[in-house]
Amino acid sequence: MEFFEQFAVPNPTPTIYLSMVAIGLTLIAVLAGISYFKKWGYLWREWLTTVDHKRIGIMYLISALLMLFRGGVDALMMRAQTSRAGNELLSSAEYNEIFTTHGVVMIFFMAMAFITALMNFVVPLQIGARDVAYPRLNALSFWLYFMGAMLFNLSFVIGGSPSSGWTSYFPLAGNELSPHIGTNYYMIALQIAGLGTLITGINFIVTIFKMRAPGMKLMKMPLFTWTALITNLLITFAFPVLTVALAMGTMDRLFGTHFFTMDNGGMAMLWANFFWVWGHPEVYILVLPAFGIYSEVISTFSGRNLYGYTSMVVSIVVISTLAFLVWVHHFFTMGQGAFVNSIFSITTMAIAIPTGVKIFNWLFTMWRGKIRLTVPMLYSVGFIPIFTIGGVTGVMLGIASADYQYHNTMFLVAHFHLVIIPGVVFAMLAGMTYWWPKMFGFMLNEKIGKWAFWNIAIGTCLAFFPMFIAGLDGQARRMYTYSEEAGFGIWNLLSFFGGLGLAMGFILIVFNVYYSARYATRDIGDDPWDARTLEWATRTPVPEYNFAVQPVVDSREPYWDAKHEGKTLFKDKISDIHMPNNSGMPFIMCVFFFIFGFGLVFSLWSLVIVSSVGIAVCLFLRSFEQDDGRHIHAEDVQETERKMGGDDR
Amino acid sequence: MNIDHSKPLEYSTETNDMNIVGFWVFIGAEIALFATLFGAYFILEGRTGGGPSAGHLFVISTLMIQTFVLLTSSFTIGLAVNAMRLGRKGATIGLFLITLILGLGFVGVEIYEFYEYVHEGLNLQTSAFSAALFTLLGTHGAHVSFGLFWGVAIIIQLVKRGFTPATANKTFIFSLYWHFLDVVWIFIFSFVYLKGMM
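Criteria and thresholds
Residues numbered from 1 in each chain as written. Chains lettered and ligands numbered in written order. Predicted model: local features only at pLDDT ≥ 70, side-chain atom pairs only at ≥ 80, totals over all residues. Heavy atoms only, no water. Helix = DSSP H or I, 4+ residues; strand = E, 2+ residues; numbered from the N terminus. Rg over C-alpha atoms; globule rule 2.2 N^0.38 Å. Contact = heavy atoms within 4.5 Å. Areas by Shrake-Rupley, 256 points an atom, 1.4 Å probe, with all protein chains shown as cover. Lys, Arg positive; Asp, Glu negative; His and termini not counted. Charge placed at Lys NZ, Arg CZ, Asp CG, Glu CD. Buried < 20%, exposed > 50% of the residue type's maximum accessible area, 1.4 Å probe, protein only. UniProt positions renumbered as here; feature names shortened; annotations may be inferred. Patch = residues over 30% accessible without salt bridge, like charges linked within 9 Å, V, L, I, M, F, W, Y side chains within 5 Å. Salt bridge = Lys/Arg side-chain N within 4 Å of Asp/Glu carboxyl O. Expected span 1.5 Å × (residues − 1). Disulfide = S-S within 2.5 Å. Buried area = accessible area lost by both parts, 1.4 Å probe. Polar contact = N/O pair within 3.5 Å; in protein donor to acceptor, adjacent residues only side chain to side chain. Nonpolar A, V, L, I, M, F, W, Y, C, P; charged D, E, K, R; others polar.

1. Concerning the overall build of chain A
- Summing up its helical and strand segments, chain A has 21 helices and 2 strands in all.
- Relative to a compact globule of 649 residues, whose C-alpha radius of gyration would be 26 Å, chain A shows 25 Å and is just as compact.
- If one aligns the C-alpha atoms of chain A with their principal axes, the spans along those axes are about 70 × 60 × 45 Å.
- A separation of at least 24 residues holds for 82% of the contacts in chain A among residues at least 6 apart in sequence.
- Of the accessible surface of chain A, which amounts to about 25,400 Å², a share of 68% is contributed by carbon and sulfur atoms.
- Taken together, the 39 basic and 40 acidic charged side chains of chain A have centroids lying 8 Å from each other.

2. What about the overall build of chain B?
- Within chain B, the secondary structure is distributed over 6 helices and 0 strands.
- Put simply, chain B runs from its N terminus to its C terminus through helices and strands in the order α-α-α-α-α-α.
- For chain B, the proportion of its 198 residues judged to be buried stands at 54%.
- When contacts within chain B are restricted to residue pairs at least 6 apart in sequence, long-range pairs at least 24 apart make up 80% of them.
- Carbon and sulfur atoms provide 70% of the accessible area of chain B, an area that totals close to 8,400 Å².

3. Looking at the UniProt feature "transmembrane region" (unreviewed entry) in chain B
Residue and element names in this part refer to chain B.
- In the numbering used here, UniProt assigns the feature "transmembrane region" (unreviewed entry) to residues 21–44, 56–81, 93–112, 132–159 and 171–194.
- As a span, residues 21–44 carries 100% helix and 0% strand, and end to end its C-alpha atoms are 35 Å apart.
- Helix makes up 100% of residues 171–194 and strand 0%, whereas the separation of the span's terminal C-alpha atoms amounts to 33 Å.

4. Quick word on a nonpolar patch on the surface
All names here are of chain A.
- A grouping of Phe255, Trp605, Ile609, Val613, Val617 and Leu621 is seen on the molecular surface, where their side chains present a nonpolar patch of about 560 Å² in accessible area.
- A per-element tally of the nonpolar patch places helix H20 (residues 605–624) first, with 5 residues.
- Relative to the helices and strands, phenylalanine 255 resides in helix H8 (residues 223–255).

5. Re the UniProt feature "domain: Cytochrome oxidase subunit I profile" (unreviewed entry) in chain A
- Under the local residue numbering, the UniProt record ascribes the feature "domain: Cytochrome oxidase subunit I profile" (unreviewed entry) to residues 38–554 of chain A.
- The span residues 38–554 of chain A shows a helical share of 68% and a strand share of 0%, and its end C-alpha atoms are spaced 49 Å apart.

6. Considerations on the side chain of aspartate 182 of chain B
Residue and element names in this part refer to chain B.
- Summarising the element assignment, aspartate 182 is placed in helix H6 (residues 165–197).
- The charged side chain of aspartate 182 is buried without a salt bridge, its nearest counter-charge being arginine 85 at 18 Å.
- Residues contacting aspartate 182, with those up to four places away along its chain left out, are Leu70, Leu71 and Ser74.

7. A short note on the pattern of salt bridges
- All chains considered together, the criterion is met by 19 salt bridges over all chains.
- With a closest N to O distance of 2.6 Å, arginine 532 of chain A and glutamate 557 of chain A form a salt bridge. Taken as a pair, arginine 532 of chain A in the loop between helix H17 (489–519) and helix H18 (558–564) and glutamate 557 of chain A in the loop between H17 and H18 lie far apart in primary sequence, 25 residues in all. Residue arginine 532 of chain A shares its accessibility class with glutamate 557 of chain A, and that shared class is buried.
- With a closest N to O distance of 2.9 Å, lysine 195 of chain B and glutamate 45 of chain B form a salt bridge. Here glutamate 45 of chain B lies in the loop between helix H1 (14–44) and helix H2 (54–57) and lysine 195 of chain B lies in helix H6, a separation of 150 residues in the sequence.
- Given the relative accessible area of 36%, lysine 195 of chain B is considered partly exposed.
- By relative accessible area, glutamate 45 of chain B is classed as buried at 17%.

8. Here's the deal with helix H3 (residues 60–85) of chain B
- Helix length check: H3 of chain B (26 residues) gives 38 Å between terminal C-alpha atoms against 38 Å at 1.5 Å per residue, within 8%.
- Just past H3 of chain B, the residue glycine 87 of chain B takes up positive phi, approximately 80°.

9. Some details on the state of the cysteines
Residue and element names in this part refer to chain A.
- Following the criterion strictly, the structure yields 0 disulfides over all chains and no others.
- The structure places no disulfide on cysteine 590, whose sulfur is separated from the nearest cysteine sulfur, that of cysteine 618, by 8.9 Å.
- Using a relative accessible area of 0% as the deciding quantity, one classes cysteine 590 as buried.
- Overall, the relative accessible area of 4% leaves cysteine 618 in the buried class.

10. A closer look at the interface of chain B and chain A
- Taken together, the contacts link 34 residues of chain B with 33 residues of chain A.
- On the chain B side of the contact with chain A, Met18, Thr36 and Arg161 of chain B bury the most area, a combined 18% of that side's loss.
- Between aspartate 17 of chain B and lysine 210 of chain A there is a salt bridge whose closest N-O contact spans 2.9 Å.
- In this assembly, chain B and chain A are joined by 12 residue pairs in polar contact (both at pLDDT 80 or more).
- Breaking the side of chain B that touches chain A down by element, the ones donating at least two residues are H1 and helix H5 (128–161) of chain B.
- It is H1 of chain B that provides the largest number of residues to the side of chain B that touches chain A, a total of 16 residues.
- Tallied by class, the residues present in the side of chain B that touches chain A amount to 20 nonpolar, 10 polar and 4 charged.

Structure representation (structure tokens):
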């Protein structure tokens, strides 16, 4: 029995027991459903073994939406707990766990997955490629991410969640102050998912550098592809820092080393520095692709080419460089002294300049355009004012001396949510709605989409604006309760209502997917939005080979020019197309990674050894495998094209 | 598969070309990884927490053996790639094997060195300095050890399949990896050992 005791949750409550039952039942229902409908073969052949960037993108999208749900429920529980003074809905221990998992899930498993979903689906299409550079590694990336996410979510019911904040600062996260295994989950699940992200980074850099359609010079790339390139460069240089920090944290916790401890020379501040050397670039890893999406959407629905393309590219590059030079602003109050703080204060404020350039470029793109207020455009237009408020308060926080007043108050919480929700979440929802027809062959309902938008936009403002005031009045973040006399009650109650608005918006989005899948017309043509870039030049939904003939490009908006200036994109005849073979190896290898991670969390060394051998065997088999892919014959391509479009090229 | 005969075999197909570019990007990520480990070491170097310090531990003889062995192995893998370009299979495989044997020697000496450190009273848990030192050296050593297994897999493929675009590509990429580990060692040699002994 002793063996099983280590898997028990430390502070079990009825909610957790109910969740266990719910998870168990859902799992049984899913497995039974797949068996009943005899879908195991389909699932294995078409999804678990796929190396197609479009399907991997869709799997990322589904995972991201699931994680948005999980993180959103965490958020609602926090808002409900703090909605009135002295509330006893959650205990302090539960509250700590919930704000930790909310942050981790939203950043690592929702936002990262969402941008990876859209990059996966869109980038190869935008550059006229048939797939990414390394399709097999792409599948590996996804399954590493997926297993990391599952491992992290498992902590809720097996062994207990981490509770030292999403930043997991030491010494709080060390063995002495967090003796429970929760933080092990944090260290190891993020390590596994982070490995997947790093591989994605390398994969997309090579894809974008080496696989662009003939004629697409770097300065002719669509802006989303530009932002994807820079984001992946940031990933490649920032994630190794996280890898090292997490490895050191793991060693401190599992092997008793003294990197971040308070004795034997350990230095807790080293963790904070490493974490934010990765963490600040991470903010731009998330927000740059979002900027790319806004650039595409705003230009499409204003019926104009993007204003200031070159300055857009330059500002992305400048932002990505500054991203590595601002990390200390996350802990101005932690004793660097005035000189160091001043330098980081200036670099921080400097980021507002290239960001401002982008905001004005979007406004000038819309100026005198024929604006169509579709759902993606609504998110983009809504983004500009809300993000600007979030950004300006960021500059306030960046003033080191003033930061002593706001640091770790609700003012900060309001700031970063008002940056990251319009900056990332709005963009992801805009991008999802925009590219949805390419993914699934039908459009999401505009009317329900608009209702969802207004719920989300108003919900965001209502949830986070009051926090500015509560923060300035002195409410610290991560505080699970407060007294009546503190006077924070009204602001927190308003926040709770805003949270409900966001939840309503999410429900409407899910309903929209169901409703549109059921009722929307499939007869939408290849270009339902009257768009400008290459991804719209292929069929809807996109066939597995993407383009029957490789497009040839000579401008920034090749598809628009093809439509309006009569340029030809597809000059060659259809010939045999070379495609990579599916493989079960990435999935199987990542199952071993999952077992490996689980073993490490609980220090079950036999599991660790067995799964390490499994991983090594997979690597070895892969090394000896000879797989030159397969060909789709020209006649089959012609047949598919005829069925989908009518004209045979 | 289109083979471009005007290029060396390891660059001769599109996939080969992309694999090499991708590996360079990977090395970029590895540089970030080792830079972080070096950063941690420099910060924690003096924080010995009552345990032995760098000056007390480092010995010139094992250091010179390790350096000599590893630098030679980098030279031999360079020769192996050269032999591959000349189409000499036997020489390539022989030089590759010598590289791996030298690598094995390096790992052996490193393990001996760690054993000595533990005897001097420095283990992983002793201090922040010991943790940073073992992690930096250990990560490099683990890379070399991984390279040994990887190299064996490539040699078997060279023996079985001869020079094909795929095997030539793997051999070349392995040589990039091996040279990179050598460069890292030169930094360890200069900024860990020499600095520590001064």
